[in-house]
Amino acid sequence: MDRRNFLKSLAAAGAAVTIKSSGAMDVMAATNSAMPEMAPAAAAASADLVAVMNGEPAAMLRKALETMGGIGQYVKKGNKVVIKPNIGWDRTPELAANTNPELVAEMVKQCLAAGASEVKVFDHSCDEWTKCYDHSGIQKAVKDAGGTMVPANEESYYQEISLPKGKVLKKAKVHKAILECDVWFNMPVLKNHGGARLTMAMKNHMGIVWDRRAFHSMGLQECIADITTISKPAALQIVDAYRIITSNGPQGRDAKDVVLTKALFASKDIVAVDTAAGKFFNQFKSIPVDTVTHIAKGEALGMGTTDLESIKVERIKM
């Protein structure tokens, strides 16, 4: 699907239609028919999915949260909060292998402002974890914002749970920070992935488990869907698409693999948000959403919908 046709189809489903990227692509505005006038944010508090375009990470997150009714809809005074970004790789923010540190820091600030008693941040990194936490910029950003980084590199940090809805993955050792918190937020970065095809909200759950290698031996796509059936789902799925890796994911080789796209997607519906983010990705590199089969598998498990026309999607252009 070419970019113009994609924009028209996404507009029909109510999602965002304005994109800004670096260098080769300019801001692309849709026609009046494809870009109806947006309702005020206050009227969209019941949005099922929010797509924000053309802003900086913190500002786009604030707008998304405002549109979804405010952080107070999810975090109450005294809550223990966990944020799970992607911090899997020893890469700097410009290389887009990890969630944008400015975005994570803003989420920490939002949760603390809502009265959270603590905000913990972690990921089960693929590269050496201290280097990932440091070089991603997330460790400093979180500490400066008032949050706490917690390790995830030892099996003792995990507790086995059952997954009765899973088709092949019937149990998994999940980080205790997730199991013991009051509320958690899933904050992946959108990028190409050699095995899963795309990393988005569903794929980011591999970072909450200890034995993620078992996913590959048991069937990666089904296991990704199965782990999302965890009895304590994330309160929101927030997909960072400020920069995306279009090739050689999940860590990329160099800056040539990265495109500045300035977007963010947020929803309670993990299947819908991955569907929208996946279609957005296809404007820059063709990886059809129907080939990212864990999305359809998640829908089959009752975790959400791929039909964006059946839900309320709010588009915001900054």
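Below is a short write-up of the structure. Quantities reported herein were computed from a predicted structural model and do not represent experimental measurements.

## Details of the pairing of strand 1 (residues 49-53)
So, point 1. Along strand 1, 5 of the 5 residues are buried, which leaves the element largely enclosed by surrounding structure.
So, point 2. Every second residue of strand 1 is oriented toward a common face, with Leu49, Ala51 and Met53 on one face and Val50 and Val52 on the other, all of them buried.
So, point 3. By the bridge criterion, 5 bridges tie strand 1 to strand 11 (residues 258-267) in an arrangement that is antiparallel. Bridging from a neighbouring strand, Val50 pairs with Ala266 of strand 11.

## Side note on the environment of Ile245
So, point 1. Checked against the element boundaries, Ile245 lands in strand 10 (residues 236-245).
So, point 2. The class of Ile245 is buried, set by a relative accessible area of 0%.
So, point 3. Taking the C-alpha atoms as reference, Ile245 lies 4.7 Å from Lys191; in sequence the two are 54 residues apart.
So, point 4. Look past the residues within four positions of Ile245 in its chain and what remains in contact with it is Leu95, Ala96, Ala97, Leu190, Lys191, Asn192, Pro250, Gln251, Gly252, Asp257, Val258 and Phe281.

## Digging into unusual backbone geometry
So, point 1. Note that the residue after Gly249, namely Pro250, is joined by a cis bond; omega there is 15 degrees.
So, point 2. Here Pro250 shows up in the loop between strand 10 and strand 11.
So, point 3. Look at Asn248: it is not a glycine, yet its phi comes out positive at around 65 degrees.
So, point 4. Judged by relative accessible area, which is 32%, Asn248 ranks as partly exposed.

## A few points about helix 2 (residues 57-67)
So, point 1. Those residues of helix 2 not exposed but buried are Pro57, Ala58, Met60, Leu61, Ala64, Leu65 and Thr67.
So, point 2. Buried residues in helix 2 make contact with strand 1, helix 3 (101-113), strand 10, strand 11 and strand 12 (313-317).
So, point 3. Where helix 2 terminates, the next one or two residues include Gly69, which has phi positive at roughly 105 degrees.

## Quick look at the nonpolar core
So, point 1. With 97 residues, the main nonpolar core has Met107, Phe185 and Phe265 as its most contacted residues.
So, point 2. Here this core takes 8 residues from helix 9 (residues 270-281), the largest share from any one element.
So, point 3. Excluding its chain neighbours within four sequence positions, the residues that come into contact with Phe265 are Val50, Ala51, Met53, Gln237, Ile238, Val239, Ala241, Val273, Ala276, Ala277 and Phe280.
So, point 4. Counting 5 residues, the second-largest nonpolar core is a separate cluster that includes Trp89, Ala96, Ile245 and Val258.

## Concerning helix 3
So, point 1. An ideal rise of 1.5 Å per residue puts 18 Å on 13 residues; helix 3 measures up with 18 Å between its terminal C-alpha atoms.
So, point 2. Those residues of helix 3 lying buried are Pro101, Leu103, Val104, Ala105, Glu106, Met107, Val108, Gln110 and Cys111.
So, point 3. For helix 3, the N-terminal cap is Asn100; the gap from its side-chain oxygen to the backbone nitrogen of Glu102 is 2.9 Å.
So, point 4. A positive backbone phi angle near 105 degrees is found at Gly115, which sits one or two residues after helix 3.

## Some words on the pattern of salt bridges
Pairing is possible between side chains of opposite charge, provided their charged atoms come close.
So, point 1. Applying the stated criterion across every chain, the model contains 8 salt bridges.
So, point 2. Note that Arg62 is salt-bridged to Glu106, the shortest N-O span being 3.3 Å. One end of the pair, Arg62, is in helix 2; the other, Glu106, is in helix 3, with 44 residues separating them in the sequence.
So, point 3. Among the salt bridges present, the one from Lys297 reaches Glu222, with a minimum N-O distance of 3.6 Å. Taken together, the residues Lys297 in helix 10 (residues 293-300) and Glu222 in helix 8 (residues 220-227) connect sequence positions 75 residues apart.
So, point 4. Residue Lys297 is classed as partly exposed on the basis of its relative accessible area of 30%.

## Brief notes about the environment of Gly88
So, point 1. As for its position among the elements, Gly88 is in the loop between strand 2 (80-85) and helix 3.
So, point 2. Each C-alpha atom, one on Gly88 and one on Phe122, is 10.0 Å from the other, the two residues being 34 residues apart in sequence.
So, point 3. Other than its neighbours up to four places away in sequence, Gly88 contacts Asn98, Asp123, Ser125, Cys126, Asp127 and Cys132.

## Quick word on the side chain of Lys84
So, point 1. Within the secondary structure layout, Lys84 lies in strand 2.
So, point 2. Among the polar contacts listed, one links the side chain of Lys84 to the side chain of Asp123, at a separation of 2.9 Å.
So, point 3. Residue contacts for Lys84: discarding those within four places in its chain leaves Phe122, Asp123, Trp184, Phe185, Asn186, Met187, Pro188, Asn204, Gly207 and Ile208.

## Considering the packing of helix 3 against helix 5 (residues 138-145)
So, point 1. As a packed pair, helix 3 and helix 5 sit with axes 8 Å apart at the nearest point and diverge in direction by 25 degrees. In terms of orientation, helix 3 and helix 5 fall into the roughly parallel class. Taken as a pair, helix 3 and helix 5 cross one another with a handedness that is right-handed. Only Ile138, Ala141, Val142 and Ala145 of helix 5 make contact with helix 3, whose side of the interface consists of Pro101, Val104, Ala105, Val108, Lys109 and Leu112.
So, point 2. Taken together, the residues of the contact of helix 3 with helix 5 sort by class into 9 nonpolar, no polar and 1 charged.

What counts, and where the lines are drawn
Residues numbered from 1 in each chain as written. Predicted model: local features only at pLDDT ≥ 70, side-chain atom pairs only at ≥ 80, totals over all residues. Heavy atoms only, no water. Buried < 20%, exposed > 50% of the residue type's maximum accessible area, 1.4 Å probe, protein only. Helix = DSSP H or I, 4+ residues; strand = E, 2+ residues; numbered from the N terminus. Pairing = 2+ DSSP bridges. Contact = heavy atoms within 4.5 Å. Core = buried A, V, L, I, M, F, W, Y, C linked by side-chain atoms within 4.5 Å. Expected span 1.5 Å × (residues − 1). Polar contact = N/O pair within 3.5 Å; in protein donor to acceptor, adjacent residues only side chain to side chain. Salt bridge = Lys/Arg side-chain N within 4 Å of Asp/Glu carboxyl O. Axes fitted to C-alpha atoms, helices over the stretch in contact; angles between N-to-C directions. Parallel < 35°, antiparallel > 145°, perpendicular 65-115°, else oblique. Left-handed = near helix turned anticlockwise from the far one by under 90°. Nonpolar A, V, L, I, M, F, W, Y, C, P; charged D, E, K, R; others polar.

That is the geometry; function is a separate question.
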